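Structure assessment
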Amino acid sequence: MTGLTQATGPAYTRIYAYGAARGENAVPNEDLVGPIDSSDEWIRQRTGIVTRVRADAGTDAIDLATEAAKEAVATAGIDPADVDLVIVATISNPKQTPSVSAIVADRIGANPAAAYDMNAACAGYAYGIAQADALIRAGAARYAVVIGAEKLSDIVDPTDRSISFLLGDGAGAAVVGPSDTPGISPAVWGSDGSKADAVGMNHTLVDFRDGKAPWPTLRQEGPTVFRWAVWEMVKVAREALEKAGVEASDLAAFIPHQANMRIVDEFAKQLKLPESTVIARDIETTGNTSAASIPLASHRLMQEHPELSGGLALQIGFGAGLVFAAQVVVLP
């Protein structure tokens, strides 16, 4: 019997470009405080959010993902037909099947690319980057589009005090392809399903169908998630730096999941980031967009600070599952 042919790919990969799509409407705190008996000041102090973006009723996660992907591919300067892998991280596909990714691949001109959706909540985009890097280096793909896309306003209860005022809608995309030098470090990723109840949906679709529960919406145990994010995730971030072979002082940028400004600030303090490291704070006007948050923050960072191009950025995502992923990337 002859041996099977084994594919191999390039030694390294990198991110070529970012794309972004934000919900069409800026929703200020004042618009949300009534049903949760809160105030603009309380939301700003607790979360750092002033306004968040939310999409029109007729716009879904697929539309947002398509727009972000088109921009990323155009900016990367590659032919959409050369994209042979599309990975979409989302928890808000309007249908459980078909995948967002297959539709997006077709809409951007990448048909018949391999396409799949992946649910790792707020860590989804960082999971996707780890997968694209591994699959390209293994020879399973050449160019990948990794997208984080969410329309969380569809799964929000406006009367919920735990999470409703945090959430926004949007999509961020990155094109990943071969590189002559390392552009994506090994990921530190994992999960802790023992804390599955800390954040997630409050009911199942089956309960809703059977009339046993209202439409499922997102809920969280705020203090539990906050403590976990600040203490456990800082360890993951440090481990990611170690795996990448760099120091905090080498970072041009820090791009954490935009969960809460207090978490971002605490992170920066614990990591002892130098003054020169630019910290992404997209949450102030975008809100928490789950899987879309890191790529949206990355896109804004590069627009506002083009001088960071070629610098190192530490990105870390963490959320429902609980799941987490972090890696160091070279900014496009």
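Below, the structure is looked at part by part. (Residues numbered from 1 in each chain as written. Predicted model: local features only at pLDDT ≥ 70, side-chain atom pairs only at ≥ 80, totals over all residues. Heavy atoms only, no water.)

A look at helix H3 (residues 61-76)
Between the first and last C-alpha of H3 there are 22 Å, a value that for 16 residues agrees with the 22 Å anticipated at 1.5 Å per step. Turning to H3, the residues buried within the fold contact strand S1 (12-22), strand S4 (83-89), helix H4 (100-107), strand S6 (143-151) and strand S7 (169-179). Two to three positions downstream of the cap, the backbone nitrogen of Ile62 sits 3.0 Å from a side-chain oxygen, assigning the N-cap of H3 to Asp60. Looking one or two residues past H3, Gly77 carries a phi angle of roughly 75°, positive in sign. (Helix = DSSP H or I, 4+ residues; strand = E, 2+ residues; numbered from the N terminus. Expected span 1.5 Å × (residues − 1). Contact = heavy atoms within 4.5 Å. Polar contact = N/O pair within 3.5 Å; in protein donor to acceptor, adjacent residues only side chain to side chain.)

Some thoughts on unusual backbone geometry
Cis geometry is found at the peptide bond from Thr97 to Pro98, where omega equals 5°. If you trace the backbone, Pro98 turns up in the loop between S4 and H4. Pro112 follows Asn111 through a cis peptide bond whose omega is 15°. Within the fold, Pro112 resides in the loop between H4 and strand S5 (114-118). Of note, the phi angle at Asp37 is positive, near 50°, even though the residue is not glycine. Within the secondary structure, Asp37 is located in the loop between helix H1 (33-36) and helix H2 (40-47).

Topic: the packing of helix H7 (residues 222-244) against helix H8 (residues 261-271)
Relative to each other, H7 and H8 sit at 40°, their axes nearing to 10 Å. Looking at the two axes, H7 sits oblique to H8. Between H7 and H8 the crossing geometry is right-handed. Facing Phe226, Ala229, Val230, Trp231, Met233, Val234, Ala237 and Arg238 of H7, the residues of H8 in contact are Arg262, Ile263, Glu266, Phe267, Gln270 and Leu271. (Axes fitted to C-alpha atoms, helices over the stretch in contact; angles between N-to-C directions. Parallel < 35°, antiparallel > 145°, perpendicular 65-115°, else oblique. Left-handed = near helix turned anticlockwise from the far one by under 90°.)

Focus on the nonpolar core
Phe267, Leu314, Ile316 and Phe318 are the most contacted members of the largest nonpolar core, which totals 48 residues. Broken down by secondary-structure element, the contributors of at least two residues to this core are H1, H7, strand S11 (251-256), H8, strand S13 (312-319) and strand S14 (323-330). Considering every element that reaches this core, the biggest residue donor is H7, with 10 residues. Discounting chain neighbours no more than four positions away, the residues touching Leu314 are Ala237, Ala240, Leu241, Leu251, Ala253, Phe254, Ile255, Leu271, Gln327 and Val328. (Core = buried A, V, L, I, M, F, W, Y, C linked by side-chain atoms within 4.5 Å. Buried < 20%, exposed > 50% of the residue type's maximum accessible area, 1.4 Å probe, protein only.)

Focus: the pairing of S6
With 9 of 9 residues buried, S6 lies mostly within the body of the structure. Judged by which residues are buried, S6 turns out to be covered on both faces: Tyr143, Val145, Ile147, Ala149 and Lys151 on one side and Ala144, Val146, Gly148 and Glu150 on the other are all buried. By the bridge criterion, 6 bridges tie S4 to S6 in an arrangement that is parallel. Residue pairing across strands places Val86 opposite Val145, the latter belonging to S6. Pairing between S6 and S7: 8 bridges, direction antiparallel. (Pairing = 2+ DSSP bridges.)

A few points about the packing of H3 against H4
One way to put it is that H3 packs onto H4 with a least axis distance of 9 Å and a crossing angle of 45°. One way to sum up the angle between H3 and H4 is to call them oblique. The two elements H3 and H4 cross, and the hand of that crossing is right-handed. Residue-level contacts link Ile62, Asp63, Ala65, Thr66, Ala69 and Lys70 of H3 to Val100, Ile103, Val104 and Arg107 of H4.

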